[in-house]
Amino acid sequence: MKREINPFDYASDIFKAMPGGILLTSEAEDCVNAMTIGWGTLGIEWGVPIFAAYVRTSRFTYDLIERTGEFTICAPYGEMSAAAKKAIGICGSKSGRDLDKLAKAGVHLVEADIVRTPAIKELPLTLECRVVFSQLQPVKDISSRFAKFYPETGDHSAPHVAYYGEILKAYLIED
């Protein structure tokens, strides 16, 4: 069962969870993938609720969002289960190009109401989002204060794309 919520009433829950990781889930051609994120912005743009997520161009998630323009944000609510911790760990250290991270984590997918991308039962605070704007963040334009996030070599040297996802629906998955 899903209980519809106002995402702003749960903003503090999302932001408190973010340093430990929440999941950004994407789906295309029957491939569901999730990545752990620790950055994001919840706000209002153009008069609608928005979650802005930042995804490196080198990530498999980037490819999926580019194909569908949709994602879900799945955050823990209340006491975090062992399965949720396992999913956050796997999704933050493995690539969806190499394995089905969600199957390996043993989480349960829940069909979304509006977007194609499913929610995750074990991370029940869910935002269904459709991209309304995206913008590449060229590394050269980012303050040198943040250079540590962009080493000159390797996967972490890739720039991020900011995806502004209109929150079409927000809910808590309840048993």
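Residues numbered from 1 in each chain as written. Predicted model: local features only at pLDDT ≥ 70, side-chain atom pairs only at ≥ 80, totals over all residues. Heavy atoms only, no water.

## A look at the side chain of Thr25
Alright, step 1. Within the secondary structure, Thr25 is located in strand E2 (residues 22-28).
Alright, step 2. Every residue in contact with Thr25, bar those within four places of it in the chain, is listed here: Val32, Asn33, Ala34, Phe71, Thr72, Cys74, Thr117, Pro118 and Ile120. (Helix = DSSP H or I, 4+ residues; strand = E, 2+ residues; numbered from the N terminus. Contact = heavy atoms within 4.5 Å.)

## Remarks on the pattern of salt bridges
Alright, step 1. According to the stated counting rule, one finds 8 salt bridges in the structure shown.
Alright, step 2. As a salt-bridge pair, Arg116 and Glu27 come within 2.8 Å of each other at their nearest N and O atoms. Placement of the pair is Arg116 in the loop between strand E7 (109-110) and strand E8 (119-120) and Glu27 in strand E2, with a sequence separation of 89 residues.
Alright, step 3. A salt bridge links Lys169 to Asp113, with the nearest nitrogen and oxygen atoms 2.8 Å apart. Of the two residues, Lys169 is situated in strand E10 (residues 160-173) and Asp113 in the loop between E7 and E8; the sequence distance between them amounts to 56 residues.
Alright, step 4. Residue classification places Asp113 among the partly exposed residues on the basis of a relative accessible area of 41%.
Alright, step 5. Counted as one network, the salt bridges with shared partners bring together Lys2, Asp113 and Lys169. (Salt bridge = Lys/Arg side-chain N within 4 Å of Asp/Glu carboxyl O. Buried < 20%, exposed > 50% of the residue type's maximum accessible area, 1.4 Å probe, protein only.)

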